[in-house]
Amino acid sequence: MLATFQKAAGSPDPKTDAEFGDGALMRQGFTLLWMGWQWDVPERAGTMRMEMPIATENGRRITGLVRGNFILNERAATAPLADRNHKAYPVLDPTAAENVMTVRDEPTAKGEMVPRSRWRFVDDGAVALDGGFEPGRIYDVVYRAADPRVVGLGLSGTRDLVSFVKNDASEQNPARGVTLAIGWGVSQSGRFLRHFLYQGFNEDEQGRRVFDGVFDQVGGAGRGSFNHRFGQASRDALQYFNILFPVDLFPFTDGPETDPDTGVADGLLARAERTGTAPKVFHLLTNSEYFNRAGSLVHTDATGTKDAELPPNTRVYMIASAPHGPGPFPPASNVGGGMTGRAALNPLNYSPVVRALFHALDRWVAEDAAPPPSAIPHLADGTLTTPERAGWPPIPGYQLPRQPLRAFHLDFGADWAKLMPMVTKRPGCACPTSPCRSRRTPDGTTATRRSAHRIGWPARSDRTFRSRARAPTASAPAIRGRRSPNATKIATTTSASSLRPRSTSSRVATCCRKTSPTC
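Everything quoted here is computed from the prediction, not taken from an experiment.

1. Let's talk about the overall build of the protein chain
Line of reasoning, step 1. Broken down by element type, the protein chain carries nine helices and 19 strands.
Line of reasoning, step 2. Burial statistics for the protein chain: of 519 residues in total, 56% are counted as buried.
Line of reasoning, step 3. Counted over contacts in the protein chain with a minimum sequence separation of 6, partners at least 24 positions apart contribute 74%.
Line of reasoning, step 4. For the protein chain, the exposed surface amounts to about 21800 Å²; the carbon and sulfur share of it is 52%.

Here you go:
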């Protein structure tokens, strides 16, 4: 947040002038608030986390299957179970026959079983394979774990903390005087804010609006594993990494849309609109999200065949030729880094645009001053099209990406909508064929085969992604509280490690029971 909005030097615990930057937000009367909302972030100095209770079912210990998915850039003897150096759910019995490993070469291919005699658990967070893991292949390890954390408290804790800052007038509130709050999240924390809105957490326990404005930066069309049993919050859904996790799920648009497979009508802001707690929302997309995060589904229908009508309280902006996250300047090779490609990372830094848009959102929230209209490509005029129709010229020495990521229709079983359990198996998926029919996947789940969402704004990319798309992120979504003009200006850094959530409403699970809708 400080680097983006105040041109500051990066620091997990800012103290110096350089680490606070030019103070742009503070001079405008903002209180800056950080919080940790994950329990499993990598353990390193300066990292915030939320201490979450272990769920039980009527006092009994809960066990369940967990899926670890990984693709390595180089041959290695061991591989991590968790995502991006996060903490893994420990295996319950390393020798149990139900623990399995599979390997495949295509995202929707049937995995080959790796003989149990060839692999083993090294410790609670890693596995080893005789002969080593082959680079570029897709490995899954499904194993039984115990003691899931109540990960949904990340959502309710965010709701309660922001509501407290806005509404509590006691001396316990270090930021008394805040009247408006704007939430800003980038990538994973942008998806977190999308999930927060979708599940109705923008209404606090007294029925008040929590965030008055939400800025979702490069979250794409996704949500995430933020409120179900054995959830792994850092897992996203990329074309060749973290494959088939519950991220790009219907609905995608803020306003109402209809699922072409089920006929269900829903929208990201549907719950908030029903309770009168919908915020004003900005979605910011770069070319990366159109190609690798299903970004076009933010503003088309679920089939990707027609433009969606945006609600009046929503704006969507696209920055052409911008990357998900800027690379170094001057451009340098990324071989050996988290992203392995044939070209250097795109160095375009679009922070000035982010600062300008944030100012527009602030004025919209605080003064009801209309922001710029949405700036996006459209199917109707041909500015949004498929890669094969984009007319990109061939580039000597480089192979253009063949297709954007497809947001498959995933089937996690009959209980998913009610219980939202962790993905315990590799789910079925819709493959890009038509008409609709069913098949059985190797793990027994049903996959609906229907034409997948294929529309994507073509990215001029000469990189072929094979593995991790970004480095671990330890910070939570940054939350801004707007103070009244004559209020004292302060900056606070708040960790949720000592947060004590209030008693939860019917929308928030305090334990994982089979009857809980948000477990």
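2. A word on the packing of aromatic side chains
Line of reasoning, step 1. Applying the stated rule across the entire model yields 18 aromatic pairs.
Line of reasoning, step 2. Both rings, one in Phe-5 and one in Trp-184, keep their centres 4.8 Å apart while their planes meet at 75 degrees; by these two values the pair is edge-to-face. With Phe-5 in helix α1 (residues 2–6) and Trp-184 in strand β11 (residues 178–186), this residue pair connects regions lying 179 residues apart in the sequence.
Line of reasoning, step 3. Their ring planes at 35 degrees and their centres at 6.1 Å tell us that Phe-196 and Phe-201 sit as a pair that is tilted.
Line of reasoning, step 4. Residue classification places Phe-196 among the buried residues on the basis of a relative accessible area of 0%.
Line of reasoning, step 5. Relative accessible area serves as the criterion here: at 0%, Phe-201 is assigned to the buried category.
Line of reasoning, step 6. Through a chain of ring-to-ring contacts, the aromatic side chains of Phe-5, Phe-30, Trp-184 and Phe-358 assemble into a single cluster.
Line of reasoning, step 7. Sitting over the face of the ring of Trp-119, Arg-116 holds its NZ or CZ atom 3.9 Å from the ring centroid.
Line of reasoning, step 8. The residue whose ring lies beneath Arg-271 is Tyr-198, and the NZ or CZ to ring-centre distance is 5.2 Å.

3. Things to note about the sheet that holds strand β9 (residues 126–133)
Line of reasoning, step 1. Taken in spatial order, the three strands of this open sheet run β5-β9-β8, and their pairing is antiparallel. Because the sheet does not close on itself, it has two edges, and the strands there are β5 (76–80) and β8 (119–123). When the angles between neighbouring strand axes are averaged without regard to direction, this sheet yields 35 degrees.
Line of reasoning, step 2. With four bridges joining them, β8 and β9 adopt antiparallel strand pairing. Across the sheet, Arg-120 pairs through a bridge with Ala-128, a residue of β9.

4. Here we look at helix α8 (residues 351–367)
Line of reasoning, step 1. With 17 residues, α8 should reach 24 Å at 1.5 Å per residue; the first-to-last C-alpha distance of 24 Å fits that figure.
Line of reasoning, step 2. Buried within α8 we find Ser-351, Val-354, Leu-357, Phe-358, Ala-360, Leu-361, Asp-362, Trp-364 and Val-365.
Line of reasoning, step 3. Once α8 ends, the next one or two residues include Asp-368, with phi positive near 60 degrees.

5. Comments concerning helix α5 (residues 188–198)
Line of reasoning, step 1. Extensive coverage of α5 is indicated by the burial of 11 of its 11 residues.
Line of reasoning, step 2. Within α5 the residues assigned to the buried category are Gln-188, Ser-189, Gly-190, Arg-191, Phe-192, Leu-193, Arg-194, His-195, Phe-196, Leu-197 and Tyr-198.
Line of reasoning, step 3. On its buried side, α5 packs onto α4 (153–167), β11, β12 (213–217), β14 (265–266), α6 (270–275) and β15 (280–286).
Line of reasoning, step 4. Positive phi shows up at Gly-200, right after α5, with a value of about 80 degrees.

6. Topic: the environment of Val-151
Line of reasoning, step 1. Within the fold, Val-151 resides in the loop between β10 (138–146) and α4.
Line of reasoning, step 2. Exposure remark for Val-151: the relative accessible area of 11% places this residue in the buried category.

7. Observations regarding the pattern of salt bridges
Line of reasoning, step 1. The final tally for this structure, using the stated rule, is 19 salt bridges.
Line of reasoning, step 2. The closest approach of N and O atoms between Asp-130 and Arg-120, which form a salt bridge, is 2.6 Å. Placement of the pair is Asp-130 in strand β9 and Arg-120 in strand β8, with a sequence separation of 10 residues.
Line of reasoning, step 3. Of the residues examined, Asp-130 reaches a relative accessible area of 34% and is grouped as partly exposed.
Line of reasoning, step 4. A salt bridge links Asp-212 to Lys-166, with the nearest nitrogen and oxygen atoms 2.9 Å apart. Here Asp-212, found in the loop between α5 and β12, pairs with Lys-166, found in helix α4; they are 46 residues apart in sequence, far enough to count as distant.
Line of reasoning, step 5. Residue classification places Asp-212 among the buried residues on the basis of a relative accessible area of 11%.
Line of reasoning, step 6. Given the relative accessible area of 14%, Lys-166 is considered buried.
Line of reasoning, step 7. Salt bridges sharing common partners tie together Arg-67, Arg-104 and Asp-140.

8. Remarks on the sheet that holds β10
Line of reasoning, step 1. Strand order across the open sheet formed by four strands is β4-β10-β6-β7, with antiparallel pairing between neighbours. The strands lining the two open edges of the sheet, one partner per strand, are β4 (63–70) and β7 (112–113).
Line of reasoning, step 2. Examined bridge by bridge, strand β6 (residues 100–104) and β7 share two bridges and lie antiparallel to one another. From the neighbouring strand, Thr-102 faces β7, where its bridge partner is Met-113.

What counts, and where the lines are drawn
Residues numbered from 1 in each chain as written. Predicted model: local features only at pLDDT ≥ 70, side-chain atom pairs only at ≥ 80, totals over all residues. Heavy atoms only, no water. Helix = DSSP H or I, 4+ residues; strand = E, 2+ residues; numbered from the N terminus. Buried < 20%, exposed > 50% of the residue type's maximum accessible area, 1.4 Å probe, protein only. Contact = heavy atoms within 4.5 Å. Areas by Shrake-Rupley, 256 points an atom, 1.4 Å probe, with all protein chains shown as cover. Phe/Tyr/Trp six-rings, centres within 6.5 Å; stacked < 30°, edge-to-face > 60°. Lys NZ or Arg CZ within 6 Å of the ring centre and 35° of its normal. Pairing = 2+ DSSP bridges. Axes fitted to C-alpha atoms, helices over the stretch in contact; angles between N-to-C directions. Expected span 1.5 Å × (residues − 1). Salt bridge = Lys/Arg side-chain N within 4 Å of Asp/Glu carboxyl O.

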